[in-house]
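Inside the fold
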Amino acid sequence: MDDHEAKRNKQEKRSILQRLEADEVIIGDGGFVFALEKRGYVKAGPWTPEATVEHPEAVRQLHREFLRAGSDVMQTFTFYASDDKLENRGNTAQATFSGKNINQAACDLAREVADEGNALVAGGICQTPSYLSGKGKEEVQAEFRKQLDVFIENNVDFLICE
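This text gives an overview of the structure that appears in the document. (Residues numbered from 1 in each chain as written. Predicted model: local features only at pLDDT ≥ 70, side-chain atom pairs only at ≥ 80, totals over all residues. Heavy atoms only, no water.)

Here we look at the overall build of the chain
Broken down by element type, the chain carries nine helices and three strands. Taking all 162 residues of the chain together, 43% fall into the buried category. Taking the contacts inside the chain whose residues are at least 6 apart along the sequence as the reference set, 74% of them involve residues at least 24 apart. (Helix = DSSP H or I, 4+ residues; strand = E, 2+ residues; numbered from the N terminus. Buried < 20%, exposed > 50% of the residue type's maximum accessible area, 1.4 Å probe, protein only. Contact = heavy atoms within 4.5 Å.)

Notes on unusual backbone geometry
For aspartate 23, which is not a glycine, the phi torsion comes out positive at approximately 60°. Along the chain, the position of aspartate 23 falls in the loop between helix 2 (16-21) and helix 3 (32-38). One non-glycine residue, tyrosine 80, lies in positive phi territory at about 70°. Among the secondary structure elements, tyrosine 80 is positioned in the loop between strand 1 (73-75) and helix 6 (83-88). Residue tyrosine 80 is classed as buried on the basis of its relative accessible area, which comes to 17%.

Looking at the nonpolar core
Within the largest apolar cluster, 23 residues are counted, with the highest numbers of intra-cluster contacts made by Phe32, Leu36, Ala51, Val59, Leu62, Met74 and Phe77. Put simply, the parts of the chain that give this core at least two residues each are helix 3, helix 5 (56-68), helix 7 (99-114), strand 2 (120-125) and helix 9 (137-153). Those residues in contact with phenylalanine 77 that sit more than four places away from it in its chain are Phe32, Val33, Leu36, Thr48, Pro49, Ala51, Thr52, Val59 and Ala106. Core analysis: the next-biggest nonpolar cluster, separate from the first, contains five residues, Ile16, Val73, Ala122 and Phe158 among them. (Core = buried A, V, L, I, M, F, W, Y, C linked by side-chain atoms within 4.5 Å.)

Comments concerning helix 9
Between its first and last C-alpha atoms helix 9 spans 24 Å; for 17 residues at 1.5 Å apiece the expected length is 24 Å, and the two agree. Where helix 9 bends most, the angle comes to about 25°, and this point is arginine 145. The complete set of buried residues in helix 9 reads Val140, Glu143, Gln147, Val150 and Phe151. (Expected span 1.5 Å × (residues − 1). Bend = angle between axes of the 7 residues up to and from the residue.)

Quick notes on the sheet that holds strand 1
Overall, parallel pairing links the three strands, which are arranged 1-2-3 in an open sheet. Either end of the sheet is taken by a strand with one partner, and the two such strands are strand 1 and strand 3 (158-161). Strand-to-strand, the axes of this sheet are offset by a mean angle of 30°, without reference to chain direction. Packed on one face of the sheet, helix 7 meets strand 1 and strand 2 and runs near 160° to strand 2. In the packing of helix 9 onto the sheet, contacts are made with strand 2 and strand 3, and the angle to strand 2 comes to roughly 170°. (Pairing = 2+ DSSP bridges. Axes fitted to C-alpha atoms, helices over the stretch in contact; angles between N-to-C directions.)

Description of the side chain of threonine 78
With respect to the helices and strands, threonine 78 occurs in the loop between strand 1 and helix 6. The class of threonine 78 is buried, set by a relative accessible area of 0%. A polar contact is formed between the side chain of threonine 78 and the side chain of threonine 76, at a distance of 2.8 Å. (Polar contact = N/O pair within 3.5 Å; in protein donor to acceptor, adjacent residues only side chain to side chain.)

Digging into the pairing of strand 2
Counting buried positions over the six residues of strand 2 gives six, a clear majority of the element. Taking every second residue as pointing to the same face, both faces of strand 2 are buried, with Leu120, Ala122 and Gly124 on one and Val121, Gly123 and Ile125 on the other. Note: strand 1 against strand 2, three bridges, orientation parallel. Following the sheet pairing, glutamine 75 is matched in strand 2 by alanine 122. Direction of pairing for strand 2 relative to strand 3: parallel, over a ladder of four bridges. When the sheet's bridge partners are listed, isoleucine 125 is paired in strand 3 with cysteine 161.

Here it is in structure tokens:
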């Protein structure tokens, strides 16, 4: 561990708002799909978040690389990880893993690595096909609620909604 990493580990963890109010620059991680595709773990497309349960070591390692590169935020790898999105796109992983399983694994991996430094965890949520399929407000909100419940249970520091 170098001096920078040691300093990060000793700092008191501050919220995203505290960091922003202190005029800090906050660096996030990203690029999971392409990095995992280049390493042979996923094929880029609408169904990639299952890597959190099928290849957790690869996702964990990528989080660590982002942390070592200076990221202040570990984003859960949960884009397209809602049950309706997994079903809508014909994802075969959905037969084995629920959106809840994928979201939980993503929270566990992001938190594990965030705790190795002084990083925050951001839950990532995206659009849902329920709306485009003509489902009502209640059904769409129910899909979002499933993901949000996992993020709340895991006490993520904030959400990124794409």
